[in-house]
Amino acid sequence: MRTRYTVFIFLLFAGSLRAQLPVTAPTVDSLTPQKLRLLLDELQNGPLVRHGTVAFSVRRVRDGQPLFDYNGQRSVAPASTLKLVTTATALAVLGEGYTYRTYLEYDGVLKDSVLTGNVYLRGTGDPSLGSHRFADFSDSPTLLRTWREALLVAGIRRIEGSIIGDATAIRALPVPDTWSWGDMGNYYGAGASGLNFGENMYRVVFQPSRTVGQPAKILRTEPATPYLRLLNRVRTGPAGSGDEVTMYNAPYSTQAYLEGTVPAGVSTFGVRGSLPDPAFAAAFALLEYLNKTGVTVSGGAQSYGPGSITSYESPAAPPKRTLLHLHTSAPLVELARYTNHQSLNLYAEALLLTAGQTLAKAPVTTQEALERLTQFWRNKNVDLNGFRPKDGSGLSPVNGLTTNSMTSLLAAMTKEKAFVMFYESIPVAGESGTVRSLARSTAAAGNLRAKSGTIEGVRAYAGYATAADGELLGFAITVNRYQPGTLNAVMSYVERALALLPEWNKTASPATPSTE
């Protein structure tokens, strides 16, 4: 497995080592590019992708020299490889040590252990608040206990008011406007809020029938979501069929439609969905916990921000608040690593908005954040012709990015202070993250740092490879609109193509652009 040491060798010592080598007449070793082009021709012109697009770009990152171009100027859907653009931007703009803060506050008057006023959870867009993924940072149950303890330390035993989730730090609506209706109600379609909580997910627990085709009963949700109305059309599928449920819901809507099947042969089966109002969900969770543990709250849960499932609106002149507790997130480098290793859409959207707001020095919408991101890289001479981003995660099916633009940005990122941390945030092919099964038993395994991308009809990979001579290469491959049901056959070509990257020789000819 390539380590940070490898990257530092490339960045700091490659030039001096090259200076010590004897000068020889250059030769042209075109065997690897020839093999790669023949392989891609076979894929592009064969039955698997004849009506779609295969695009591949390889670039030497130390000087940005293109080494291989196959349909590299065609704008294609990048799927989740777009997260590399988002995390690179966030690390370059915010710095690897950036942290989010979440505040527990109150207003009103505190007298004789009674608070006549409201308690607030005020977020700044932390996508990891209450997540279970970080061993050294509080998950949702731990945070609820911490917040209750902070109230008790302040002498608050009763609250004559409400618990309010304040999501005003982000003005953008939670879900980009080109996301699919079939995606946004599911767990991977959880949108970003000024106050996120528990990765903005909930779990619906079903009791499948003993008979295939019969309705599956909803037993409960985890956490409890009595404010949601679940219209259940889920039935029982064959044993071992897995999660075939689609949840349909929209931001700030309390009604969700559930269709599809859960497998027979198990007593219960859980399916994850996205919360329509994360700020309200956080406030409701704290309200329920306080009432159950002896701190009574006379009012209910409320939320405000760009929208709300309640009718509560932020006052024009908010009253003065007193800080009770400050929660600090894991550093950005850890958030970026999880974003790229686990392909977390919520994290990518949150990082996009945070970087956009930092660049704009003002609240931004998703589109405004993308405009700032684009200009940031254009100012660094990155080729972004054909770049048509619609979100930060790649979930939108109408995103457009050329593979040449991707490798141009990957080369530019090597000049940023945060490059090593960015490089290490990308999973290793055959070993980790969503590419742990990619190209095993080939030269690519343990060599490539690669982010995967998958949406319907699209398979993509992008990242870095180390060539046989130690040269660091940026690469991007995308297969768009392959024939349905042929993914395994397509992946055979993709893995063979990726396995050629470690064979690359620095004396290979520069790229000749091609459009097949």
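See the structure shown above.
We now turn to the structure provided with this report. (Residues numbered from 1 in each chain as written. Predicted model: local features only at pLDDT ≥ 70, side-chain atom pairs only at ≥ 80, totals over all residues. Heavy atoms only, no water.)

When helices and strands are tallied, the protein chain shows 12 helices and 20 strands. By principal-axis analysis of the C-alpha atoms, the protein chain measures approximately 85 × 60 × 35 Å. Each of the 516 residues in the protein chain was classed as buried or not, and the buried ones make up 55%. Counting contacts in the protein chain only where the partners sit at least 6 residues apart, residues at least 24 apart contribute 72% of the total. Of the accessible surface of the protein chain, which amounts to about 21,300 Å², a share of 50% is contributed by carbon and sulfur atoms. Computed over 48 positive and 40 negative side-chain charges, the separation of the two mean positions in the protein chain equals 1 Å. (Helix = DSSP H or I, 4+ residues; strand = E, 2+ residues; numbered from the N terminus. Buried < 20%, exposed > 50% of the residue type's maximum accessible area, 1.4 Å probe, protein only. Contact = heavy atoms within 4.5 Å. Areas by Shrake-Rupley, 256 points an atom, 1.4 Å probe, with all protein chains shown as cover. Lys, Arg positive; Asp, Glu negative; His and termini not counted. Charge placed at Lys NZ, Arg CZ, Asp CG, Glu CD.)

This next bit is on the sheet that holds strand 1 (residues 53-60). Strand order in the open sheet made by the five strands is 2-1-20-19-18, with antiparallel pairing throughout. The open sheet is flanked by strand 2 (65-70) and strand 18 (449-455), the only strands paired with a single partner. The mean inter-strand angle of the sheet, taken between neighbouring strand axes irrespective of direction, is 10°. Relative to strand 20 (residues 472-480), strand 1 is paired through eight bridges, and the arrangement is antiparallel. The residue of strand 20 that forms the bridge with Phe56 is Ile477. Sheet strands in contact with helix 2 (residues 31-45) are strand 1, strand 2 and strand 20, and its direction is about 30° off that of strand 2. (Pairing = 2+ DSSP bridges. Axes fitted to C-alpha atoms, helices over the stretch in contact; angles between N-to-C directions.)

With that settled, the discussion passes to the nonpolar core. Grouped together as the largest cluster of nonpolar side chains are 53 residues, with contacts concentrated most on Val85, Trp377, Met406, Met413, Phe419, Phe422 and Tyr464. Taken together, the elements giving at least two residues each to this core come down to helix 3 (82-94), helix 7 (332-342), helix 8 (345-360), helix 9 (366-378), helix 10 (403-413), helix 11 (419-425), strand 19 (458-466) and strand 20. Looking at which element gives the most residues to this core, the answer is helix 3, with eight residues. With 48 residues, the next largest nonpolar core counts Ala167, Phe197, Ala279 and Ala282 among its residues. (Core = buried A, V, L, I, M, F, W, Y, C linked by side-chain atoms within 4.5 Å.)

Note the cis peptide between Glu222 and Pro223, where omega equals -5°. If you check the backbone angles, Asn71 has positive phi at about 55° while not being a glycine. Structurally, Asn71 is set in the loop between strand 2 and helix 3. In this structure Asn71 comes out as buried when scored by relative accessible area, which is 0%. Unusually for a residue other than glycine, Tyr252 sits at a positive phi of about 65°. Within the element layout of this structure, Tyr252 appears in the loop between strand 12 (244-248) and strand 13 (255-263).

This part covers the sheet that holds strand 11 (residues 229-237). As summarised here, the arrangement of the three strands in space is 11-13-12, forming an open sheet in which the pairing is mixed. Where the open sheet ends on each side, the last strands, each with one partner, are strand 11 and strand 12. Put simply, the sheet's adjacent strands are angled 10° from each other on average, direction ignored. One ladder, built from nine bridges, connects strand 11 with strand 13; its direction is parallel. Considered in strand 13, the bridge of Asn232 is made with Leu258.

At a minimum axis separation of 9 Å, helix 3 and helix 8 run at an interaxial angle of 40°. The angle between helix 3 and helix 8 falls in the class oblique. As helix 3 runs across helix 8, the sense of the crossing is left-handed. Seen from helix 3, the contacting residues are Lys83, Thr86, Thr87, Thr89, Ala90, Val93 and Leu94; seen from helix 8, they are Asn345, Ala348, Leu351, Leu352, Thr354, Ala355, Thr358 and Leu359. (Parallel < 35°, antiparallel > 145°, perpendicular 65-115°, else oblique. Left-handed = near helix turned anticlockwise from the far one by under 90°.)

Note that every value here comes from positions in space, so none of it alone points to a role or purpose.
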